[in-house]
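# Inside the fold
So you can see what is in the structure, the chains are spelled out below.
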Amino acid sequence: MANRQLPYLNRFSGTNPSLPILETKSPITTSSQPEGDRDTPAQEPWYNPQGWSLRKKLIASATAIVIILAAILIPVEIIKNQYPNYTPLNYTLADEYSGPTFFDQFTYFTDEDPTKGFVIYVNKSTATHLNLTYASESSAILRVDASTPNASSGRNSVRIESRNTYDSGLFVFHIIHTPFGCATWPALWLTDGYNWPMNGEIDVLETTNVGSHGNEVSIHTTQGCHMDVKRKQTGHGIFNNCNNATDGNSGCAVIGDENSYGEAMNSRGGGVYAVELRDAGIRAWFFPTGTIPADITAENPDPSSWGTALADFPSTNCDIASHFKNLSIIVNIDLCGELAGQKQYYDTFWHSVGIMAHDPVCRNCHLSITR
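Residues numbered from 1 in each chain as written. Predicted model: local features only at pLDDT ≥ 70, side-chain atom pairs only at ≥ 80, totals over all residues. Heavy atoms only, no water.

## Comments concerning the sheet that holds strand β3 (residues 106–108)
One open sheet accounts for eight strands, arranged β3-β8-β18-β10-β11-β12-β14-β13; its pairing is antiparallel. Sheet topology places β3 and β13 (236–238) at the edges, where each strand pairs with a single neighbour. Adjacent strand axes in the sheet meet at a mean angle of 20°, parallel and antiparallel pairs treated alike. Where strand β10 (residues 184–191) and strand β11 (residues 201–206) come together, five bridges link them in antiparallel fashion. (Pairing = 2+ DSSP bridges. Helix = DSSP H or I, 4+ residues; strand = E, 2+ residues; numbered from the N terminus. Axes fitted to C-alpha atoms, helices over the stretch in contact; angles between N-to-C directions.)

As structure tokens, this is what we get:
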């Protein structure tokens, strides 16, 4: 076999140095194509777009767009259809807030109201003297001062915060009576008041004024927590972006029916709100008096047996553990403020006929937002 010269490319320098002599192991054949046809361009293979017609290129482009869209949309649909595994957990009693020493387990917040309400939060001794907080074997009471006339700078009220903090757990609240009426803004919630909103907020019980539309259970976070996913709940969800910087800090909220708060709830003897906080998600149930599960009464609660929750905030698109931690239990009664004092409420109350229009607290609130 004859020796033939083959080109050698230096892959490091990109140059074409001297052509070494390489001994081939198989013959190099020449084309059998006739001499006259050798100048005819070779036909491009089917997969090379350089040889495609305009029509074929347009069809291929449209197909590529569909494939790309499918690649983007399919994962989104998968996320929306995912749902966490709420595996049953065994809960044992860690803390109990009850009896005459109920308020000993709380501190009294005395700073200026951060939500600009028409209240002055007082310390424990003042609250005790004014009979705004007191406890017995069967219940603990929180009230607002409604006896002082012409409280031009705000009415005395209370905001208490638990000394213990929590990252997870099952919280069971037995509520006999909820405050309602013109200007009221009561709340039972969990948050880290010194690291808000970084450590999250869970509103267990919150509404304003007469509260006849039902209780609102909600969560508030920093960015990265969304509820536009599969959820299992009986309440009506509003807003899916839980970031406090969106939708006027409405958070992700779920509204219960009219029996979940206010006069309707009170007339039935109150009930139990239970909130489960765990990595899989946050769920809240409401059980009116007469329907409270026996396992709660027996202090052996089993949420897996309680049926569909009133509110469900799954971890599908929200890292619960990173958004909620070091939470204190907070109870307060505000008046007016950024939520209850919105002007549209009082345009209705002030011009209505009846006690609402002449209530001194309502009048104070109305004047404070119109002057």
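## Some details on the state of the cysteines
Using the criterion set out here, one finds two disulfides in the structure. Shown here is the disulfide that connects cysteine 225 with cysteine 318, its sulfur atoms set 2.1 Å apart. One disulfide, between cysteine 225 and cysteine 318, carries an S-S torsion of -95° and so falls in the left-handed class. Taken together, the residues span a long stretch of sequence, with cysteine 225 in the loop between β12 (216–220) and β13 and cysteine 318 in the loop between β17 (311–314) and α5 (320–323) at a distance of 93 residues. Pair check on accessibility: cysteine 225 and cysteine 318 agree, each one buried. Here cysteine 242 connects covalently by a disulfide to cysteine 252, the sulfurs 2.1 Å from one another. (Disulfide = S-S within 2.5 Å. Buried < 20%, exposed > 50% of the residue type's maximum accessible area, 1.4 Å probe, protein only.)

## With respect to the pattern of salt bridges
The final tally for this structure, using the stated rule, is four salt bridges. The partner of glutamate 161 in a salt bridge is arginine 159, with the nearest N and O atoms 3.1 Å apart. Each member of the pair, glutamate 161 as well as arginine 159, carries the same accessibility label: buried. For arginine 278, the salt bridge is made with glutamate 276, and the minimal N-O distance between the two is 3.3 Å. Comparing arginine 278 with glutamate 276 shows no difference in burial state: the two are buried. Residues joined in a network through salt bridges with shared partners are Glu276, Arg278 and Arg283. (Salt bridge = Lys/Arg side-chain N within 4 Å of Asp/Glu carboxyl O.)

## Here we look at the pairing of strand β18 (residues 328–335)
One face of the sheet, then the other: side chains in a regular strand alternate in exactly this way. Of all eight residues making up β18, eight are buried, and the element is well covered by its neighbours. Taking every second residue as pointing to the same face, both faces of β18 are buried, with Ser328, Ile330, Asn332 and Asp334 on one and Ile329, Val331, Ile333 and Leu335 on the other. Pairing of β10 with β18 involves eight bridges; the strand directions are antiparallel. Following the sheet pairing, tryptophan 189 is matched in β18 by isoleucine 330.

## Details of the sheet that holds strand β16 (residues 281–288)
One open sheet accounts for four strands, arranged β9-β15-β16-β17; its pairing is antiparallel. The strands lining the two open edges of the sheet, one partner per strand, are β9 (169–175) and β17. The sheet shows a mean angle of 10° between the axes of neighbouring strands, taken without regard to direction. Examined bridge by bridge, β16 and β17 share four bridges and lie antiparallel to one another. From the neighbouring strand, isoleucine 282 faces β17, where its bridge partner is phenylalanine 313.

## Some details on the packing of aromatic side chains
Applying the stated rule across the entire model yields 10 aromatic pairs. Their ring planes at 50° and their centres at 5.2 Å tell us that tyrosine 97 and phenylalanine 106 sit as a pair that is tilted. Phenylalanine 106 matches tyrosine 97 in its accessibility class, with the two residues each being buried. Aromatic rings pair up to connect Tyr97, Phe102, Phe103, Phe106 and Tyr108 into one cluster. (Phe/Tyr/Trp six-rings, centres within 6.5 Å; stacked < 30°, edge-to-face > 60°.)

## A look at the nonpolar core
Membership of the largest hydrophobic core comes to 43 residues, with the highest contact counts inside it found for Ile202, Ile219, Ile282 and Phe313. In this structure isoleucine 202 touches Leu188, Trp189, Leu190, Ser218, Ile219, Val275, Leu277, Ile282, Phe324 and Leu327, once residues within four positions along its chain are discounted. (Core = buried A, V, L, I, M, F, W, Y, C linked by side-chain atoms within 4.5 Å. Contact = heavy atoms within 4.5 Å.)

## As for the pairing of strand β8 (residues 159–162)
Of the two faces of β8, the one lined by Arg159 and Glu161 and the one lined by Ile160 and Ser162 are each fully buried. For β3 and β8, the ladder comprises three bridges, and the chain directions are antiparallel. Bridging across to β8, phenylalanine 106 finds its partner in serine 162. Here three bridges tie β8 to β18, and the two strands are oriented antiparallel to one another. Each residue of the ladder has a partner; that of glutamate 161, found in β18, is isoleucine 330.

## Focus: the environment of serine 139
Summarising the element assignment, serine 139 is placed in the loop between β5 (133–135) and β6 (140–142). The spatial distance from the C-alpha of serine 139 to the C-alpha of glycine 99 is 6.7 Å, given a sequence separation of 40 residues. Residues within four places of serine 139 in sequence aside, it is in contact with Tyr134 and Ile176.

## Quick notes on the confidence of the model for the protein
Reading fine detail from the predicted coordinates is not recommended where pLDDT is low. Looking at the protein, pLDDT values average 81 and 70% of them are 70 or higher. Note on residues 1–37: pLDDT under 50 across the span, and 25 contacts to partners over four residues away in sequence or across chains. Counting interchain partners and residues more than four positions distant, the pLDDT-below-50 stretch residues 353–358 has nine contacts. (pLDDT = per-residue confidence, 0-100.)

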